[in-house]
Amino acid sequence: MILKKLILKNFKSHTDTVLDFNKGITIIVGENGVGKSSILEGITYALFKKSTLNQNDLITLGKNNERKSTMSVTLVFEENGNEYKIVRTNSLSSSTSTLHKKINGKFKVMVVGNSEVNKELNSIINMDNDLFLNAIYIRQGEIADL
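What counts, and where the lines are drawn
- Residues numbered from 1 in each chain as written.
- Predicted model: local features only at pLDDT ≥ 70, side-chain atom pairs only at ≥ 80, totals over all residues.
- Heavy atoms only, no water.
- Phe/Tyr/Trp six-rings, centres within 6.5 Å; stacked < 30°, edge-to-face > 60°.
- Helix = DSSP H or I, 4+ residues; strand = E, 2+ residues; numbered from the N terminus.
- Buried < 20%, exposed > 50% of the residue type's maximum accessible area, 1.4 Å probe, protein only.
- Salt bridge = Lys/Arg side-chain N within 4 Å of Asp/Glu carboxyl O.
- Pairing = 2+ DSSP bridges.
- Axes fitted to C-alpha atoms, helices over the stretch in contact; angles between N-to-C directions.
- Contact = heavy atoms within 4.5 Å.

Per the counting criterion, the structure on display carries two aromatic pairs. Where F11 meets Y45, the ring centres are 6.1 Å apart and the plane angle is 45°; that geometry is what we call tilted. Of this pair, F11 sits in strand β1 (residues 2-11) while Y45 sits in helix α1 (residues 36-48); the two residues are 34 residues apart in sequence, bridging distant segments of the chain. There is no split in this pair, since F11 and Y45 are both buried. With centroids separated by 5.4 Å and ring planes inclined at 25°, the aromatic side chains of F77 and Y84 adopt a geometry described as stacked. Of the residues examined, F77 reaches a relative accessible area of 0% and is grouped as buried. Taking relative accessible area as the criterion, Y84 reaches 6% and is therefore assigned buried.

Quick look at the pattern of salt bridges now. Inspection of the entire model under this criterion finds six salt bridges. Note that E83 is salt-bridged to K4, the shortest N-O span being 3.4 Å. Residue E83 is found in strand β4 (residues 82-91), and its partner K4 is found in strand β1; the two are separated by 79 residues along the sequence. Judged by relative accessible area, E83 falls into the buried class, the value being 18%. Note that E41 and K12 form a salt bridge whose closest N and O atoms lie 2.9 Å from each other. Of this pair, E41 sits in helix α1 while K12 is found in the loop between β1 and β2 (14-20), placing the two residues 29 residues apart along the sequence. Here E41 falls in the buried class, since its relative accessible area comes to 16%.

What follows deals with the sheet that holds strand β6 (residues 106-112). The strand order β2-β1-β3-β4-β5-β6 describes an open sheet built from six strands, whose pairing is antiparallel. Looking at strand neighbours, the two that pair on one side only are β2 and β6, the edges of this open sheet. Across the sheet, the axes of successive neighbouring strands diverge by a mean angle of 15°, strand direction being ignored. Pairing geometry for β1 and β2, over six bridges, is antiparallel. By the bridge assignment, L8 is partnered in β2 with T17. With respect to the sheet, α1 is in contact with β1, β2, β3 (70-79) and β4, its orientation differing from that of β1 by roughly 100°. Sheet strands in contact with helix α2 (residues 114-125) are β3, β4, β5 (95-103) and β6, and its direction is about 40° off that of β5.

Structural data, given as structure tokens:
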């Protein structure tokens, strides 16, 4: 799987972040507390709709510590020569997921719904949340457990 783009809107500390990934190795560098781990959590959330936090706690806090109404995570990636886009949105009362595949230069909806998207993604990337979290990505504070 090759990551191409990540868009975080009202996701944790990211109110409107767009990251384009170039081919090769990507290094994310920054001061403590600026959202580096949130970028990796956003990728995990897009792929598996999983988080260590309550779903509503992923939504950015606005002024007066009130939650924004909606957050979204969009991930564009390439697998086996095909380009896909996952869009996950979450409000305080509902969540939706869509998976798109690029066909003739345009993204077309493949499946809609949280469980349907999860199932289709699992077959596309041939990886589930446990494998990703245990072999690909080490969450903040868990490196000592190795």
